[in-house]
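Fold and geometry: a report
Next come the chains, spelled out residue by residue.
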Amino acid sequence: MEILEKLCVPKSEGGMGFKRLRVFNLALLGKQAWRFLVHPNVLVSQIFKAKYYPNFSFSKASFGSNPSLIWRGIHETQNLICSGLKYTVGNGESISIWRDFWIFDELFGEEIRRHILRISISNKTVSDRLAWLFEDRSIYTVKSYYKRLSNVAEVGHNILWKHLVNLAARRVTLDSRCRICHLNEETLMHTLIDYGIANDCWSVANLGMMLRGFSSFKEVLLHFFENDSTDNCNYMAMICWQLWKNRNSIVWKNFGMTTRSIVNLAGRKLYEWSSSRVNLTVKLLKQQKEWGKQAGQNPSLES
């Protein structure tokens, strides 16, 4: 579980940036809760209001005694949705001065009076409307809710990475040398192509000659994927993957594989991956053939 959490850390903070599915699902449900609030007269809003909160607004709706699965999910977003709401003052008819959030403080002190005086009064008959605090356009978005919920769930998370970023911004020297040889700067080109064991792996795999003359790993990839065969591209990708895993194993576990072991493992993984794709294709063709028989038509891969 800890590994999955690390994968979900944003890329800007050193993670892989994978979505937290539960949080993302809540963000999608939150969009429906937002619609209940800003579009109370549409049919779906009226149905849920009649069943779950006939005498209140969504912000005060209770869980209920026998809620549906849909309502369980939407109700779970209630607290965070309501914490991000603020009224934009129009004609003032739908705002309760004491109960609704239309200013940023709870008591009428000097600061709050300045907030009130800055509110422009409309000469037109414009209704009050709800605004979403966590989006510049004041309209709810799944992205803003996901970011907000992730931030709430990760208070204090990844402090070390943030400190490293701050140190870099202050021009404090950080050690960017390779964690294995401690000589060259650790770049993808060095770790996956030029470094001793990596260079040996490409020679054993008979790909060493193809990797000469490039100054960056990006150039290597572009050359391979534009000019070489699919088999070689797949083989290269598997070797890179095993080299990166070997690098992490050396750094964190103080254990590394031999050149021959890395290349053999990459070949075995490539074979397993290719076999799974072939088996899937055969299965799909058989299934399509059955569908063709049932429909009384000749099976065709294009249909």
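Residues numbered from 1 in each chain as written. Predicted model: local features only at pLDDT ≥ 70, side-chain atom pairs only at ≥ 80, totals over all residues. Heavy atoms only, no water.

**Digging into the overall build of the protein chain**
- Across its full length, the protein chain holds 13 helices and 2 strands.
- Burial status across the protein chain gives 30% buried among its 303 residues.
- Sequence separation of 24 or more characterises 51% of the internal contacts of the protein chain that already satisfy a separation of 6 or more.
- Accessible area of the protein chain: about 21,400 Å², with a carbon and sulfur share of 56%. (Helix = DSSP H or I, 4+ residues; strand = E, 2+ residues; numbered from the N terminus. Buried < 20%, exposed > 50% of the residue type's maximum accessible area, 1.4 Å probe, protein only. Contact = heavy atoms within 4.5 Å. Areas by Shrake-Rupley, 256 points an atom, 1.4 Å probe, with all protein chains shown as cover.)

**Some points on unusual backbone geometry**
- Despite not being glycine, Asn206 shows a phi value in the positive range, around 60 degrees.
- In this structure, Asn206 sits in the loop between α10 (196–204) and α11 (217–227).
- One non-glycine residue with positive phi stands out, namely Asn254, at about 55 degrees.
- The residue Asn254 is located in the loop between α12 (230–253) and α13 (259–295) in this model.

**A word on empty space enclosed by the protein**
- One pass over the full model with this rule turns up 1 cavity of 30 Å³ or more.
- Volume-wise, the largest cavity comes out at about 40 Å³.
- Taken together, Ile180, Thr191, Tyr195, Ile197, Leu243, Asn246 and Arg247 make up the full set of residues lining the largest cavity.
- With 3 residues, the top contributor of residues to the lining of the largest cavity is α12.
- Here the lining of the largest cavity is built from residues that sort into 4 nonpolar, 2 polar and 1 charged. (1 Å grid on protein atoms, 1.4 Å probe; cavity = no way out; pocket = protein on both sides within 12 Å on 5 of 7 lines; lining within 4 Å. Points joined across faces, edges and corners; volume = space filled by probe spheres on them. Nonpolar A, V, L, I, M, F, W, Y, C, P; charged D, E, K, R; others polar.)

**Thoughts on the nonpolar core**
- One finds Phe58, Trp71, Ile81 and Tyr145 to be the most contacted residues of the largest nonpolar core, which totals 24 residues.
- Mapped by element, the contributors of at least two residues to this core are α2 (21–38), α3 (43–52), α4 (69–76), α5 (78–83), β2 (129–132) and α7 (142–153).
- Looking at which element gives the most residues to this core, the answer is α2, with 7 residues.
- Sequence-distant contacts of Phe58, defined by excluding residues within four places in its chain, comprise Ala33, Phe36, Leu37, Tyr53, Trp71, Ile74 and Gln78.
- Counting 23 residues, the second-largest nonpolar core is a separate cluster that includes Met189, Leu211, Val220 and Leu270. (Core = buried A, V, L, I, M, F, W, Y, C linked by side-chain atoms within 4.5 Å.)

**Things to note about the state of the cysteines**
- Counting across every chain of the model gives 0 disulfides.
- In this structure Cys178 is not part of a disulfide, and its nearest cysteine sulfur, from Cys181, lies 3.8 Å away.
- The class for Cys178 is buried, based on a relative accessible area of 2%. (Disulfide = S-S within 2.5 Å.)

**Focus on the confidence of the model for the protein chain**
- Of the residues in the protein chain, 66% reach a pLDDT of 70 or more, and the chain-wide mean stands at 75.
- The model gives residues 153–158 a pLDDT under 50, and that stretch makes 5 contacts with residues more than four places away or in other chains.
- Across residues 298–303, confidence stays below pLDDT 50; counting only partners more than four residues off in sequence or on other chains, it has 6 contacts. (pLDDT = per-residue confidence, 0-100.)

**Quick word on the side chain of Thr191**
- Mapped onto the secondary structure, Thr191 falls in helix α9 (residues 188–194).
- By relative accessible area, which is 8% here, Thr191 ends up buried.
- Those residues in contact with Thr191 that lie beyond four places of it in its chain are Glu186, Ala198, Trp244 and Arg247.

**A closer look at the packing of aromatic side chains**
- Counted according to the given criterion, the structure contains 10 aromatic pairs.
- Considering the side-chain rings of Phe58 and Trp71, the 6.0 Å spacing of their centres and the 85 degrees angle between planes classify their relative orientation as edge-to-face. Placement of the pair is Phe58 in the loop between α3 and α4 and Trp71 in helix α4, with a sequence separation of 13 residues.
- Three or more aromatic residues joined by ring pairs form one cluster here, namely Phe36, Phe48, Tyr52, Tyr53, Phe58 and Trp71.
- Lying across the ring of Tyr146, Lys19 places its NZ or CZ 5.3 Å from the centre.
- When the ring centre of Trp241 is taken as reference, the NZ or CZ atom of Lys245 above it lies at 4.8 Å. (Phe/Tyr/Trp six-rings, centres within 6.5 Å; stacked < 30°, edge-to-face > 60°. Lys NZ or Arg CZ within 6 Å of the ring centre and 35° of its normal.)

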